Amino acid sequence: MTKITAAITAVGKYVPEYVLTNKELATFVETNDEWITSRTGIKERRILKGEGLGTSYMAIKAAQDLLKKSNIDPEDIDLVLVATATPDLPVASTAVFTATQIGAKNAFAYDLQAACSSFLYGMSTASSYIESGRYKKVLLIGADKMSSIIDYKDRATCIIFGDGAGAVLFEPNTENLGLQDEYLRSDGIGREFLKIEAGGSILPPTEETVKKGQHFVHQEGKTVFKYAVSNMADVSEKMLTRNNLKEEDIQWLVPHQANKRIIEATAKRVGVGSDKVMMNIHKYGNTTSATLPLLLADYENQLKKGDNLIFAAFGGGFTWGAIYLKWAYNS
Ligand code: UT7
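Residues numbered from 1 in each chain as written. Predicted model: local features only at pLDDT ≥ 70, side-chain atom pairs only at ≥ 80, totals over all residues. Heavy atoms only, no water.

1. A look at the sheet that holds strand β12 (residues 308-315)
Here is step 1 of the chain: Strand order in the open sheet formed by four strands is β8-β13-β12-β11, with mixed pairing between adjacent strands. Both edges of this open sheet fall to β8 (178-186) and β11 (252-255), since each of them pairs with a single strand only. Recorded for the sheet is a direction-independent mean angle of 15° between the axes of neighbouring strands.
Here is step 2 of the chain: As paired strands, β8 and strand β13 (residues 319-326) are joined by eight bridges and run antiparallel to one another. When the bridges of β13 are listed, D181 appears paired with Y324.
Here is step 3 of the chain: Across the face of the sheet, helix α10 (residues 291-299) comes into contact with β11 and β12 while running at roughly 145° to β11. (Pairing = 2+ DSSP bridges. Helix = DSSP H or I, 4+ residues; strand = E, 2+ residues; numbered from the N terminus. Axes fitted to C-alpha atoms, helices over the stretch in contact; angles between N-to-C directions. Contact = heavy atoms within 4.5 Å.)

Quick look at the structure:
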């Protein structure tokens with residue numbers, strides 16, 4: 001019997017128009033372009049402006065971009081997953097609303113939350129549904145409106161994050177292209193170092209939690225940085241060794257975009273040069289669940305059928321991992 005693998009067959013993206021530059025940030029907090037550029041690699045990020053617009057606004061646009069480019073009938077989609085840390089509403093999934101808005105009326109839908117690893121974990125989930133043989137078209141969207149949970153007076157977080165969305169379609173493949181291997185991990189020790197304190201079941205919202213700024217993301221940057229560097233590099237290296245891949249077998253490293261220095265450390269351990277590393281952190285910052293699909297959309301024209309891609313991510317929780325995927329089409 002022919003083995004069924006799960007391949008990415010289409011991509012789409014959306015970023016909001018508003019560009020928040022380092023220069024503008026320096027008018028809210030004590031920082032400067034030189035510090036942000038040298039410590040993170042970020043020059044600007046996109047911010048979703050407009051009353052009543054949430055994460056689904058961007059998820060819908062990214063999905064519509066994919067549908068338009070690939071000429072796919074939304075009624076053929078079986079499942080819509082939205083990977084996000086910033087759902088539209090605490091209850092009532094962003095994916096369900098998104099699926100309905102794009103006309104995927106034969107699909108079921110739900111959200112996935114694993115901070116900056118949401119999309120990576122989502123790739124595993126989407127692929128498993130395809131490999132099972134039960135579903136033929138799974139739309140995975142990574143979308144986050146990070147500006148909705150950022151304190152623009154906190155220079156440890158506001159310089160890093162931005163808003164955006166990307167989408168990919170997974171379909172069955174019989175040429176052994178698509179997802180080849182995965183190594184996913186998590187460790188609850190991370191909850192202390194990167195979190196939103198209030199608004200959940202432990203500390204529901206009160207006037208006091210709002211006053212204390214406990215609904216914003218708080219991170220101990222240095223600690224998160226150390227864990228990110230060692231874990232992202234470890235899992236990426238593991239992907240190569242356990243699949244008998246040498247550096248020259250890898251066409252692209254697709255790393256989560258949190259900090260250019262974390263990306264460079266991962267690339268160094270994998271042994272690939274900067275020409276093989278996808279990077280768009282300078283223009284979007286860290287868009288959490290959207291970083292990986294935005295990279296694929298930005299680099300789609302350079303990808304060739306059969307290319308070996310190593311995805312790696314690290315995020316709050318802690319959550320992290322790597323995926324080895326063979327690209328399935330030429331643009
Ligand atoms: O997406 C998944 C999770 N997130 C991450 O992976 C983020 C991981 N962390 C980081 O990327 C980095 O830790 C940051 C970019 C957040 C901070 O960079 P850092 O190199 O770790 O800086 P630091 O916190 O160690 O601070 C170094 C210095 C300090 O000054 P002193 O004590 O040396 O005088 C800070 O007060 O830089 C100062 N500083 C700043 N200066 C200008 C900290 N933030 C800023 C800033 N602008 N925005």
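Moving on, there is more to tell.
2. Comments concerning the domain arrangement of the protein
Here is step 1 of the chain: According to the domain assignment, the protein contains domain 1 (5-176) and domain 2 (179-326).
Here is step 2 of the chain: Computed from C-alpha coordinates alone, the two centres of domain 1 and domain 2 are separated by 14 Å.
Here is step 3 of the chain: Of the residues lining the interface, 55 residues belong to domain 1; the matching set on domain 2 comes to 47 residues.
Here is step 4 of the chain: Summed over both sides, the interface between domain 1 and domain 2 buries roughly 3800 Å², with carbon and sulfur atoms accounting for 60% of that surface.
Here is step 5 of the chain: Among the residues of domain 1 in contact with domain 2, C116, L120 and Y121 are the three that bury the most area, contributing 17% of the side total. (Domains from an automatic or database assignment. Buried area = accessible area lost by both parts, 1.4 Å probe.)

3. Comments concerning the packing of helix α7 (residues 221-242) against helix α8 (residues 260-270)
Here is step 1 of the chain: Where α7 meets α8, the axes come as close as 9 Å, and the angle between the chain directions of the two elements is 30°. As summarised for this structure, α7 and α8 are arranged roughly parallel, according to the angle between their axes. Our pair here, α7 against α8, has a crossing hand that is right-handed. Together, F225, A228, V229, S230, M232, A233, D234, S236, E237 and L240 of α7 and R261, I262, A265, T266, R269 and V270 of α8 make up the contact between the two elements.
Here is step 2 of the chain: Tallied by class, the residues present in the contact of α7 with α8 amount to nine nonpolar, three polar and four charged. (Parallel < 35°, antiparallel > 145°, perpendicular 65-115°, else oblique. Left-handed = near helix turned anticlockwise from the far one by under 90°. Nonpolar A, V, L, I, M, F, W, Y, C, P; charged D, E, K, R; others polar.)

4. Overview of the pairing of strand β6 (residues 138-145)
Here is step 1 of the chain: Of all the eight residues making up β6, eight are buried; the element is thus mostly covered by neighbouring parts of the structure.
Here is step 2 of the chain: Of the two faces of β6, the one holding V138, L140, G142 and D144 and the one holding L139, I141, A143 and K145 are both buried throughout.
Here is step 3 of the chain: Strand direction decides the pairing type here: strand β4 (residues 79-83) and β6, joined by five bridges, are parallel. Among the inter-strand pairings, V82 is bridged to a residue of β6, identified as I141.
Here is step 4 of the chain: Relative to strand β7 (residues 163-173), β6 is paired through eight bridges, and the arrangement is antiparallel. The residue of β7 that forms the bridge with L139 is L169. (Buried < 20%, exposed > 50% of the residue type's maximum accessible area, 1.4 Å probe, protein only.)

5. Remarks on the environment of F161
Here is step 1 of the chain: Here F161 is to be found in the loop between β6 and β7.
Here is step 2 of the chain: Given a relative accessible area of 6%, F161 falls into the buried group.
Here is step 3 of the chain: In the structure, F161 is positioned twelve residues away from I149 in sequence and 9.8 Å away in space, judged by C-alpha atoms.
Here is step 4 of the chain: Apart from residues no more than four positions distant in its own chain, F161 is found in contact with R45, M146, I150, N286 and T288.

6. Remarks on the UniProt feature "domain: Beta-ketoacyl-[acyl-carrier-protein] synthase III N-terminal" (unreviewed entry) in the protein
Here is step 1 of the chain: Per the UniProt record, "domain: Beta-ketoacyl-[acyl-carrier-protein] synthase III N-terminal" (unreviewed entry) is found at residues 110-188.
Here is step 2 of the chain: Span residues 110-188 is 18% helix and 39% strand, its end C-alpha atoms 23 Å apart. (UniProt positions renumbered as here; feature names shortened; annotations may be inferred.)

7. Some details on unusual backbone geometry
Here is step 1 of the chain: Note the cis peptide between G317 and F318, where omega equals -5°.
Here is step 2 of the chain: The topology assignment puts F318 in the loop between β12 and β13.
Here is step 3 of the chain: Unlike most non-glycine residues, N71 shows phi in positive territory, near 60°.
Here is step 4 of the chain: At A92, a position not held by glycine, the phi torsion is positive, near 95°.

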